[in-house]
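# Survey of secondary and tertiary structure
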Amino acid sequence: MKEFDVIGLGNSLVDILLELTDAEFAALGFEKGTMRLVEPAEQAQLLAAYRDHEPRLVSGGSVANSVIACSQLGGKGAFLGCVGDDRYGLHYATEFQELNIDFANAPLVGETTGTCVSIITPDAERTMRTSLAVSSHLAARHVRPEKVTAATWLFVEGYVFANPRTGQHAIREAVRAAKAHGTKVALTCSDAFIPQVFGEPFREALAQSDLLFCNAVEAAAVAGGNTAAESFAKLKALVPSAVVTDGPNGAFVRYDGEECHVLAFPCHPVDLTGAGDMFAGAFLYGVTRNVAPQKAARAANFLAMKVVTQIGARLHHGAKQFWDEAAWS
């Protein structure tokens with residue numbers, strides 16, 4: 001038995017949830033549904049303009065959200081990422097401690113913590129402005145090999161490939177440690193532009209991975225295909241196991257030699273943030289407990305549905321109850 005079920009490697013970001021009316025959003029002049037990287041000063045200006053809205057702070061980042069989901073279900077998680085010693089970084093480290101997740105790196109003195117302002121409009125769309133700040137400093141020196149080897153799964157965030165000077169080296173170091181000590185490797189695309197723009201290092205990691213998580217658009221970017229089903233079939237030649245989520249059309253799953261398609265649960269979405277992150281964390285929790293892939297995917301879909309019917313990327317209560325309700329019904 002290993003100490004951790006999942007150790008994540010990714011950007012440590014504090015999600016700042018900001019609900020705006022259509023009129024308030026229009027005044028910003030942002031393209032709806034986009035994610036843009038901004039400098040810390042621009043982020044501070046945006047937050048200052050809406051201070052009276054009292055935005056909510058939630059520790060996150062894509063793979064961090066998955067590790068949190070696994071932990072909420074009863075798994076044991078760890079995370080490799082970088083935060084500063086400012087207000088947001090101390091919030092992040094404290095929250096992970098409260099969640100009983102091993103945050104492997106101490107806050108870096110004098111650095112600014114990465115933030116993601118998630119602007120939520122009445123149509124449930126999210127428009128994000130992300131300031132990576134010190135989260136983008138994640139490098140090979142921040143990888144703790146003894147933590148990686150103590151985990152059943154290493155889960156690598158695709159966004160980290162976007163930093164060739166440091167992030168890609170962190171991924172290589174973590175994957176090297178994992179492969180040397182029997183830790184399985186899961187990879188997420190994060191966004192279609194990752195395999196499109198950083199294809200060579202992404203495919204290098206994919207060749208050493210046991211499992212890929214992606215949505216239909218990302219799957220097409222990796223393997224080609226005109227539909228989610230076609231892309232899923234093509235992925236078989238690239239990675240042993242894969243999950244392709246397709247929103248209201250459910251998910252295609254290949255794991256440990258089994259293949260299935262799992263239906264989505266109908267719902268009225270309020271905020272689409274974090275559905276894929278929840279699915280991945282819940283699915284990894286299931287397979288670390290030898291739950292059949294189809295049953296794990298069904299429960300993961302149910303939890304993802306619960307996430308999109310609320311504001312924010314994380315369920316703050318009831319996760320294990322929802323898992324039991326879906327997995328064993």
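Details of the structure are given in the entry above.
Below is a short write-up of the structure. Along each chain, residue indices are assigned from 1 in the same order as the chain's sequence is written. Per-residue local features of the predicted model are confined to residues with pLDDT of at least 70, and side-chain atom pairs are confined, for both listing and counting, to 80 or more; whole-chain, interface and lining totals are unaffected and use all residues. As a convention, hydrogens and water are excluded, and side-chain values are obtained from all of the structure's heavy atoms.

Counting from the N terminus, the helices are DSSP H or I runs at least four residues long and the strands are E runs at least two residues long. In terms of regular secondary structure, the protein chain is built from 13 helices and 14 strands. Note that the radius of gyration is over C-alpha atoms, with the globule rule given as 2.2 Å times the number of residues to the power 0.38. Over its C-alpha trace the protein chain gives a radius of gyration of 18 Å, about what one expects of a compact globule, namely 20 Å for 329 residues. Projecting the C-alpha coordinates of the protein chain onto the three principal axes gives extents of approximately 50 × 45 × 40 Å. Each residue is placed in one exposure class: buried if its accessible area under a 1.4 Å probe, protein chains only, is under 20% of its type's maximum, exposed if it is over 50%, and partly exposed if it falls in between. Counting over 329 residues, the protein chain shows a buried share of 56%.

Okay, the environment of Thr 309 next. Relative to the helices and strands, Thr 309 is located in the loop between helix 12 (293–308) and helix 13 (319–327). Given a relative accessible area of 31%, Thr 309 falls into the partly exposed group. For Thr 309 and Ala 124, which are 185 residues apart along the polypeptide, the C-alpha to C-alpha distance reads 9.1 Å. What makes two residues a contact is simply this: any of their non-hydrogen atoms within 4.5 Å. Those residues in contact with Thr 309 that sit more than four places away from it in its chain are Cys 267, His 268 and Val 270.

So, on to the sheet that holds strand 12 (residues 241–245). Strand pairing is defined by DSSP finding a minimum of two bridges between the two strands. Strand order in the open sheet formed by nine strands is 6-5-1-9-10-11-12-13-14, with mixed pairing between adjacent strands. Of all strands in the sheet, those with a lone pairing partner are strand 6 (102–103) and strand 14 (258–262), marking the two edges. As paired elements, strand 1 (residues 4–9) and strand 5 (residues 77–80) share four bridges and run parallel to each other. Bridged to Leu 9 within strand 5 is Leu 80. Each of strand 10 (184–188) and strand 11 (211–215) touches helix 8 (residues 199–206); the most contacted strand, strand 10, lies at about 145° to it. Only the stretch in contact is used when a helix axis is fitted, and all axes are lines through C-alpha atoms; the angle between N-to-C directions ranges over 0 to 180 degrees. The strands touched by helix 12 are strand 13 (251–255) and strand 14; relative to strand 14, the strand with the most contacts, the crossing angle is about 30°.

With that settled, the discussion passes to unusual backbone geometry. Positive phi outside glycine occurs at Asp 256, with the angle close to 55°. For Asp 256, the position within the fold is in the loop between strand 13 and strand 14. Phi is positive for Asn 290, which is not a glycine, with a value near 60°. Looking at where Asn 290 falls in the secondary structure, it is placed in the loop between helix 11 (275–288) and helix 12. Residue class for Asn 290 comes out exposed when judged on its relative accessible area of 73%.

Turning to helix 8, its buried residues number three or more, namely Gly 199, Pro 201, Phe 202, Ala 205 and Leu 206. Residues of helix 8 that are buried sit in contact with helix 6 (167–180), strand 10, helix 7 (193–197), strand 11 and helix 9 (216–223).

A separate point is the packing of helix 11 against helix 12. Their axes nearest at 8 Å, the elements helix 11 and helix 12 cross at an angle of 150°. Of the possible angle classes, the one that applies to helix 11 and helix 12 is roughly antiparallel. The handedness of the crossing between helix 11 and helix 12 comes out as right-handed. Where helix 11 abuts helix 12, its residues Ala 275, Met 278, Phe 279, Ala 282, Phe 283 and Gly 286 lie against Pro 293, Ala 296, Ala 297, Ala 300, Asn 301, Leu 303, Ala 304, Val 307 and Val 308. Polarity classes work like this: nonpolar for Ala, Val, Leu, Ile, Met, Phe, Trp, Tyr, Cys and Pro, charged for Asp, Glu, Lys and Arg, and polar for all others, with Gly in that last group. Classifying every residue of the contact of helix 11 with helix 12 by side-chain character gives 13 nonpolar, two polar and no charged. For classification purposes, an angle smaller than 35 degrees is called roughly parallel, one larger than 145 roughly antiparallel, one from 65 to 115 roughly perpendicular, and anything else oblique. The crossing is said to be left-handed when, going from far helix to near helix, the turn is anticlockwise and less than a right angle, and right-handed when the turn is clockwise.

Our next topic: the pattern of salt bridges. Throughout this description, the term salt bridge denotes a Lys or Arg side-chain nitrogen within 4 Å of a carboxyl oxygen of Asp or Glu. All chains considered together, the criterion is met by eleven salt bridges. Salt-bridge contacts for Lys 32 lead to Asp 22; the nearest nitrogen and oxygen are separated by 3.9 Å. Residue Lys 32 is located in the loop between helix 1 (22–28) and strand 3 (35–37), and its partner Asp 22 is located in helix 1; the two are separated by ten residues in the primary sequence. A relative accessible area of 35% means that Lys 32 is categorised as partly exposed.

One can describe the packing of helix 9 onto helix 10 (residues 228–235) by two numbers: an axis separation of 9 Å at closest approach and a directional angle of 45°. Taken together, the axes of helix 9 and helix 10 lie oblique to each other. Crossing hand, helix 9 versus helix 10: left-handed. Residues Ala 216, Ala 219, Ala 220, Val 222 and Ala 223 of helix 9 form the contact with helix 10, whose own contacting residues are Ala 228, Ser 231, Lys 234 and Leu 235. For the contact of helix 9 with helix 10, the per-class residue count stands at seven nonpolar, one polar and one charged.

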